[in-house]
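Report on the structure
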Amino acid sequence: MTAFDVARVREDFPILSREINGHPLVYLDSANTSHKPVQVLDVMRTYWERHNANVSRSVHTLGTESTTAYEDARAKVATFIGARSPDEVVFTKNSTEAINLVAHSLGASVGPGDEVVISEMEHHSNIVPWQLLCERTGATLRWFGITDDGLLDESGLAELINERTRIVSLVHMSNILGTINDVSRIIARAHEVGAQVLLDCSQSVPHLPLDVVELGADLIAFTGHKMLGPTGIGVLWARADLLREMPPFLGGGSMIETVTMERTTYAAPPARFEAGTPPIAEAVGLGAAVDYLSAIGMREIHEHEIELTGYALKTLAGIDGVRVYGPGTPDGRGGTVSFDVAGVHPHDVGQILDDLGVEVRVGHHCARPVCARFGVSSMTRASFYLYNTTAEIDALAAGVEQVKKVFS
Amino acid sequence: MTDQLYQEIILDHYKHPHGRGLRDPYSGEAHHVNPTCGDEITVRVTDDLSDISYDGMGCSISQASASVLHELLKGKPIGEAAKIHEAFVELMQGRGQVEPDEEVLGDGIAFAGVARYPARVKCALLPWMAFKDAAARAGVEVTV
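Here the focus is the domain arrangement of chain A. By a frequent convention, interface size equals the accessible area lost on bringing the separate parts together. All names here are of chain A. Partitioning chain A into structural domains gives domain 1 (6-30 + 298-407) and domain 2 (41-295). Just the C-alpha atoms count here: the centres of domain 1 and domain 2 sit 28 Å apart. Counting from both sides, the interface comprises 33 residues of domain 1 and, opposite them, 31 residues of domain 2. Where domain 1 abuts domain 2, roughly 2600 Å² becomes buried across the two surfaces, and 61% of that area is made up of carbon and sulfur atoms.

All names here are of chain B. The strand order across the open sheet formed by three strands is β1-β2-β3, and the pairing between neighbours is antiparallel. Each of the sheet's edge strands pairs with one partner strand only, and the pair in question is β1 (28-34) and β3 (52-57). Across the sheet, the mean angle from the axis of one strand to that of its neighbour is 15 degrees, orientation sign disregarded. Taken together, the seven bridges between β1 and strand β2 (residues 39-45) define a ladder with antiparallel strand orientation. Looking at the pairing, His31 lines up with Thr42 of β2. Packed on one face of the sheet, helix α5 (residues 118-137) meets β1, β2 and β3 and runs near 150 degrees to β1.

Attention now moves to the interface of chain B and chain A. Between chain B and chain A, the residue contacts involve 21 residues of the former and 17 residues of the latter. Summed over both partners, the interface of chain B with chain A comes to about 1500 Å²; 51% of that surface belongs to carbon and sulfur atoms. Among the residues chain B hides against chain A, the three largest losses belong to Thr2, Tyr6 and Cys37 of chain B. Together they make up 28% of the total. Seen at the junction of chain B and chain A, the total is two salt bridges. A salt bridge links Asp348 of chain A to Arg120 of chain B; the nearest nitrogen and oxygen atoms lie 3.0 Å apart.

One pass over the structure, following the stated rule, counts zero disulfides over all chains. Lacking any disulfide linkage, Cys201 of chain A is separated from the closest cysteine sulfur, that of Cys366 of chain A, by 18 Å.

Let us now look at the packing of aromatic side chains. Using the criterion set out here, one finds nine aromatic pairs over all chains in the structure. An angle of 70 degrees between the planes, with centres 5.6 Å apart, marks the rings of Phe88 of chain B and Phe111 of chain B as edge-to-face. Note that Phe88 of chain B is positioned in helix α3 (residues 78-92) and Phe111 of chain B in the loop between α4 (102-105) and α5, a separation of 23 residues in sequence. A network of ring pairs unites the aromatic residues Phe13, Tyr292, Tyr385 and Tyr387 of chain A as a single cluster. For the cation-ring pair, Arg373 of chain A lies above Phe374 of chain A, with the distance from its terminal atom to the ring centre recorded as 5.0 Å.

Okay, empty space enclosed by the protein next. All names here are of chain A. Scanning all chains against the criterion turns up one cavity of 30 Å³ or more. In terms of lining residues, the largest cavity is bounded by His207, Leu208, His302, Glu305, Ile306, Thr309, Arg333, Gly334 and Gly335. When grouped by side-chain class, the residues that make up the lining of the largest cavity number two nonpolar, five polar and two charged.

Let us now look at the packing of helix α1 (residues 8-15) of chain B against helix α2 (residues 60-73) of chain B. All names here are of chain B. Across the interface, α1 lies against α2 with an axial gap of 8 Å and an inter-helix angle of 85 degrees. Between α1 and α2, the interaxial angle falls into the category roughly perpendicular. Facing Ile10, His13 and Tyr14 of α1, the residues of α2 in contact are Ser60, Ile61, Gln63, Ala64, Ser67, Val68 and Glu71. Per-class residue counts for the contact of α1 with α2 are five nonpolar, four polar and one charged.

A few words on the side chain of Arg272 of chain A. Residues and elements named next belong to chain A. Among the structural elements, Arg272 can be located in the loop between β12 (264-266) and α10 (280-296). Buried and without a salt bridge, Arg272 has Glu257 as its closest oppositely charged side chain, separated by 7.9 Å. A polar atom in the side chain of Arg272 sits 3.4 Å from the backbone oxygen of Leu243. Those residues in contact with Arg272 that lie beyond four places of it in its chain are Leu243, Arg244, Glu245, Met246, Pro247, Pro248, Leu250, Met255, Tyr266 and Ala267.

Our focus in this paragraph is the sheet that holds strand β16 (residues 361-363) of chain A. All names here are of chain A. Spatially, β13-β14-β17-β16 is the arrangement adopted by the four strands of the open sheet, whose pairing is antiparallel. At either margin of the open sheet sits one strand with a lone partner, and together these are β13 (322-324) and β16. Pairs of neighbouring strands in the sheet enclose a mean axial angle of 30 degrees, with direction left out of account. With respect to the sheet, helix α11 (residues 298-317) is in contact with β13 and β14 (336-341), its orientation differing from that of β14 by roughly 10 degrees.

The next thing to look at is helix α4 (residues 95-105) of chain A. All names here are of chain A. For α4, a buried count of eight out of eleven residues is recorded, marking the element as mostly surrounded by other parts of the structure. Those residues of α4 that sit buried are Ser95, Ala98, Ile99, Asn100, Leu101, Val102, Ala103 and Ser105. Residues of α4 that are buried in the fold lie against β4 (89-92), α5 (128-137), β8 (196-200), β9 (219-223) and β10 (234-238). Measuring from the side-chain oxygen of the N-cap residue of α4 to the backbone nitrogen of Thr96 gives 3.3 Å; that N-cap residue is Asn94.

Looking now at unusual backbone geometry. The bulk of non-glycine residues show a negative phi, and the bulk of peptide bonds are trans. Here the residue pair Pro269 of chain A and Pro270 of chain A is connected by a cis peptide bond, since its omega of 5 degrees sits within 30 degrees of zero. Residue placement: Pro270 of chain A occurs in the loop between β12 and α10. A cis amide bond, omega -10 degrees, links Asp24 of chain B with the succeeding residue Pro25 of chain B. Its identity is not glycine, yet Leu228 of chain A carries a phi of approximately 75 degrees, on the positive side.

Rules and cut-offs
All chains use their own residue numbering, which begins from 1 and follows the written sequence. Chains carry letters and ligands carry numbers; both start at the beginning, A for chains and 1 for ligands, and go up in the order they are written. Local features in this predicted model are restricted to residues of pLDDT 70 or higher, and side-chain atom pairs are both shown and tallied only at a pLDDT of 80 or more, whereas totals for entire chains, interfaces and linings draw on every residue. Here the side-chain values reflect all heavy atoms present in the structure, with hydrogen atoms and water set aside. An automatic or database domain assignment provides the domain bounds reported here. Contacts between residues were defined by any pair of non-hydrogen atoms, one from each residue, lying within 4.5 Å. When two components associate, each loses some accessible surface as probed by a 1.4 Å sphere; the sum of these losses over both components is called the buried area. Two strands qualify as a pair provided DSSP detects at least 2 bridges between them. Where helices and strands are cited, they refer to DSSP runs of H or I of at least four residues and of E of at least two residues respectively, numbered from the N terminus. The angle between two axes is taken between their N-to-C directions and runs from 0 to 180 degrees, where each axis is a line fitted to C-alpha atoms and a helix contributes only its stretch in contact. Definition used for salt bridges: Asp or Glu carboxyl oxygen within 4 Å of a side-chain nitrogen of Lys or Arg. Criterion for a disulfide: a pair of cysteine sulfur atoms within 2.5 Å. Paired rings are identified among Phe, Tyr and Trp, the last through its six-membered ring, by centres lying within 6.5 Å, and are further divided according to the angle between planes into stacked (under 30 degrees), edge-to-face (over 60) and tilted (the rest). A ring has a charge above it when a Lys NZ or an Arg CZ is no more than 6 Å from the ring centre and no more than 35 degrees off the ring normal. Whether a set of points on the 1 Å grid over the protein atoms alone is a cavity depends on a 1.4 Å probe fitting there but being unable to get out, while an open set qualifies as a pocket with protein on both sides within 12 Å along at least five of seven lines; lining residues are those with an atom within 4 Å of a point. Grid points are joined across faces, edges and corners, and a volume is the space filled by probe spheres set on the points. Residues are grouped as follows: Ala, Val, Leu, Ile, Met, Phe, Trp, Tyr, Cys and Pro are nonpolar; Asp, Glu, Lys and Arg are charged; all remaining types, including Gly, are polar. By definition in this entry, angles of less than 35 degrees are roughly parallel, angles greater than 145 are roughly antiparallel, angles of 65 to 115 are roughly perpendicular, and the rest are oblique. Note on exposure labels: buried denotes an accessible area under 20% of the residue type's maximum, exposed denotes more than 50%, and partly exposed covers the range between, all computed with a 1.4 Å probe on protein chains only. This count recognises Lys and Arg as positive and Asp and Glu as negative, with His and chain-terminal groups excluded. Pairs of N or O atoms are called polar contacts if they sit within 3.5 Å, as long as, within protein, a hydrogen donor faces a hydrogen acceptor (for residues adjacent in sequence, only side-chain-to-side-chain pairs).

Right, here's the structure in full:
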C-alpha cells in the first residue's frame, strides 16, 4: 500500500475543482452526503450504456450481465464489512429503509410488555420507526441518555436493558456529535437478556475499518451515498440465521418462491427482503465505491480523518466565542464536528460560510433530541472525508472570523 | 454577496427587536416551526391588532422579520394590515423579481435580497405565516 496522498485523491473528484461564489469549493458536508469519484461515475455510466437490463429474471445476455454485476456488488459489500456470506447483505434504498425493514420484520414478534431501547443520540431515522413500532404493538420505548461529554450514558445499563427488552437499536457513530460509541458492553448485556442489537452504521462504515463479526451486533444499517456511492442504495446486514427467521417487509416480485391466489411462500434471504426491481445501477455504483475505498485502505482513510479532526478541534478551540460539542479530542470520535458561534444563529453562520465557498450543514441534523440535550435549537456542523485537507479547515476558521465580523 | 442578504436594517432589527415578548391580553395565538432547521415562533394578536406580540428562536432573518412585522402591522386597520401582509408575501415569493414599495413595506424592503435565497425565504415568512394563523384564530381575516 502506497502512502495516503490527499492531492492525488482529490484529482478523482471532479466536483472539487468547482468554484462557489468566486471561491474554491471547500466541501465540509460529507456526513450529509459524500462526493463521487470518477471511478464510480464511470462504472455506472458503463453499466447503463453496455449492460442495462432487469436482474434475476431474464435469460438473455444483458439480463445475465446485469444480474452478475448486481450480485458482484453484493459480494464486494459483504467482503468490505467482513460478512460471512453475501447472503447476509440485503440491498435497500437507504439506512432509513433498512431500519424500517427491521422495525417491521423483527418488530412483528414484539408485543405489549416488551421493550425497545434506543438512545437520545439517534438520527430521527432511528427514533421514528421505533416510536411507530411501539404505537402499533403496545411495546414500550426506552432510551439511553447522553453525558455532558457527548457519550452514551451507560450508568443505568443493567436496568435499561432487561428481560423485557427485545430490540436494542443504537447509532454507532453520531452524525452530530461525532462520537464513536463503544457498544461492546451494551451488546453483551443485550445478548445476556436475549435481545437483538441493530447498529446504525451510516456514519461509521464510510469512515472506519469495520468488521461485523468483530463488532458483535446482530444487524447493521448503512447507506451508499455517504461512502462515495450514489443515492438510492443502502444496506441491511444481518446474521444469516437471524435473517432466515425474519418475515418479509415489502411484498412483490423477486421476493417469492411460489405464488398462488390463496397464498405465497417466500424466497430465502436476501431476495426475501428485496421486493420489486432494485436500484441496480446504484448497487453497481456502490460496489465501485467499495472498490475505491478498499484500494486506498480504510485504515489509511481513518488515519487521515483523525489528523483532520485533531486539527479542526484545535483550530476551532482557538477561536473566541466558538463552542464545540461532543468529545474534545480525536479519541473515540470521527471527523464530524458540530459547533456554535456565540450570538450567531447557525443559519447565518452557514450562509456567510457559503458566501466564501465553505459548505457546512446547519440545523438540527435530523437529531433534534441531541440539540435539545445541549440546550440549543440547532448547530453548525463541519464533516470531513478522505478528500479534505487542513487548508480547508483553515478556510473554515477564516470564514468563522468573517461571521463574527458581520454580526459583531 | 451576502451584503444583499444581511442589510444593516435587518441586522439592526435582529440585534434590537421591536415589540418582542409575549403579552396579554390576546385573542389569537399561533406557534409555527420550520421543521428543517428547528426555528420556532409564537405570535399573539388582539382582534383589533392593537397589539401583536411574539417570541421565538431562530436566525437573524426570521427574528428580524418578526420585528419588522410588529412595526408594520401593529395598530393598523385590518384592511391595511392585509395589504401589507400580501405585499410582503409577494416580495418574498418573487425570486428577487419584485420591486418593493417602501410606502407599503417600510423596513420590510430590506428583505428584497432574501428573496434571492430560496433556502431563506421560509425563514423570512415564518413570523408572517404564524401571524396569519394567529389572526385567523382571533377572527381576523388578513387575506386581501
